[in-house]
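Understanding the architecture of this molecule
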Amino acid sequence: MTIERVELVRLAMPLVRPFRTSFGVQHTRDVLLVHVVADGGEGWGECAAHAEPFYNEEFTESTALVLERWLVPAVVDGDVRGADVATRTATVKGYRAAKAGLEMAVLDAELRAAGQSLAHHLGGTRDAVDVGVSVGITPTVDELVAQVGGYVDDGYRRVKLKVMPGWDLEPLRAVRADHPDLALQVDANAGYTAAHLDLVASFDDFGLLMVEQPFAPEELRLHARLAARMATPICLDESILSTVHAATALDLGACTIVNIKVGRVGGVLEARRIHDLCLARGVPVWCGGMLETGIGRAANVALASLPGFTFPADLSASDRYWRRDLTEAFVLDGSCLRVPDGPGLGVSVDADALDELGAEVRAVAGVAR
Ligand code: SMG
Ligand code: MG
């Protein structure tokens, strides 16, 4: 494919309710999309970076800058396919959300032209994926219990609670008391330290599916110490940036479950390689989310249709995030989302929604500047 034009599209999307984690609160998602025009067709990608560098080092402005200065120029000459994006951009260290968004857009264009769905291209084996909901930290435990109850009524059968020091045992006790059999898990976004080992180990009392990323990303040995004394499985998110990271963490006993996020590992193709490695080692994986719009969600749902994704994904219906999504809405069917089967991502981007939300479009390649 020859890429004729690349645009970066940025917009602020208000969340239907604020989302608080151990590292801060978001009211609005600072969305960055990549739009490519290639061989007369088009493709869309979404960068998972957030407005602030609090989940990891990337943030929307840095992601856009790196795309414009280095990543887009690396893919706009000659014949290029989705599978070439990672190799062409390998000299740029990190910036995995930026690379993932660009790869997604190029793959979308390529697969749309070929009439093949992303799920099929990746080797997906299901037409619907089981999903859960991630519930942020609320001002009071009563509000948390009410939110969880609402999501269970909506049909979600797996709930993840965000936890942090000072917001763990009491909310867990309250939610467990209300829902003794609910599939429940927690995510600390690296909010605990070695001083909290006993506290985190006591989460065993709540019959959780897993404890996600209690400690800092580089603390693999500390995670292994915790894993050795807990019955509840440890899952890593922020620690796993690539297939090599996954293999190392598993070798060290730092986790027994891996959260795979497209934007954290540099793209859907590296995400598939991590899945393949874990499947070969008998390690269950599940698909994480970064509050994506329908564009990034379509890629995530396609990925989650691969056979090793055995825990429910952090991919909820559009209405859990947005009043109006940028694509046709993803809706809950039981506790599942349907995997798009149209060409490419299998969703269409709603130009009116982009307009209504005040999207800014910046052409970064294919224009005289
Ligand atoms: O997309 O439903 C979603 C959010 C899932 O909790 C979620 N993601 O660490 O797993 C995680 C977080 C990262 C985003 S926090 C703002
Ligand atoms: Mg997480």
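None of the values given here were measured: they were computed from a predicted structure.

1. Observations concerning the overall build of the chain
Secondary structure assignment for the chain yields 13 helices and 13 strands. Relative to the compact-globule value of 21 Å for 369 residues, the chain shows a C-alpha radius of gyration of 20 Å, a close match. Counting only C-alpha atoms and orienting by the principal axes, one finds that the chain spans roughly 60 × 40 × 35 Å. Taking all 369 residues of the chain together, 57% fall into the buried category. For the chain, long-range pairs separated by at least 24 residues make up 71% of all intrachain contacts whose partners lie at least 6 apart in sequence. Side chains of the chain carry 34 positive and 51 negative charges; the gap between the two charge centres is 4 Å.

2. Structural notes on the domain arrangement of the chain
The parts lose accessible area when they come together, and the size of an interface is often stated as this lost area. Structurally, the chain comprises domain 1 (3-115 + 351-364) and domain 2 (120-338). One C-alpha centre belongs to domain 1, the other to domain 2; they are set 23 Å apart. The interface is formed by 36 residues belonging to domain 1 together with 41 residues belonging to domain 2. When the buried area of domain 1 at its contact with domain 2 is split by residue, Phe 19, Tyr 55 and Arg 96 rank highest and sum to 21% of it. Between Arg 324 and Glu 356 there is a salt bridge, with its nearest N and O atoms 2.5 Å apart.

3. Describing the coordination of the magnesium ion (ligand 2)
Around the magnesium ion (ligand 2), the protein supplies Asp 187 (OD), Glu 212 (OE) and Asp 237 (OD) as donor atoms, at distances of 2.1 to 2.3 Å. Between the donor residues of the magnesium ion (ligand 2), the gaps in sequence give the motif D-x24-E-x24-D. In this pair, Asp 187 sits in strand S7 (residues 183-187) while Asp 237 sits in the loop between strand S9 (234-236) and helix H9 (243-252), placing the two residues 50 residues apart along the sequence. Each member of the pair, Asp 187 together with Asp 237, is buried.

4. Considering the site of ligand 1
Ligand 1 sits among 19 residues. The nearest are Ser 134, Lys 160, Asn 189, Leu 291 and Tyr 321. One of the backbone N or O atoms of Met 290 is found 3.4 Å from an oxygen atom in ligand 1. The separation between an oxygen atom of ligand 1 and a polar main-chain atom of Leu 291 is 2.8 Å. Relative to its unbound accessible surface of 440 Å², ligand 1 loses 100% to contact with the protein. Listed by contribution, the elements that provide at least two residues to the shell around ligand 1 are strand S1 (3-21) and strand S6 (158-162). The two domains that each donate at least three residues to the shell around ligand 1 are domain 1 (3-115 + 351-364) and domain 2 (120-338).

Definitions and limits used
Residues numbered from 1 in each chain as written. Chains lettered and ligands numbered in written order. Predicted model: local features only at pLDDT ≥ 70, side-chain atom pairs only at ≥ 80, totals over all residues. Heavy atoms only, no water. Helix = DSSP H or I, 4+ residues; strand = E, 2+ residues; numbered from the N terminus. Rg over C-alpha atoms; globule rule 2.2 N^0.38 Å. Buried < 20%, exposed > 50% of the residue type's maximum accessible area, 1.4 Å probe, protein only. Contact = heavy atoms within 4.5 Å. Lys, Arg positive; Asp, Glu negative; His and termini not counted. Charge placed at Lys NZ, Arg CZ, Asp CG, Glu CD. Domains from an automatic or database assignment. Buried area = accessible area lost by both parts, 1.4 Å probe. Salt bridge = Lys/Arg side-chain N within 4 Å of Asp/Glu carboxyl O. Donors = N, O, S within 2.8 Å, 3.2 Å for Na, K, Ca; no water. Near = heavy atom within 4 Å. Polar contact = N/O pair within 3.5 Å; in protein donor to acceptor, adjacent residues only side chain to side chain. Areas by Shrake-Rupley, 256 points an atom, 1.4 Å probe, with all protein chains shown as cover.

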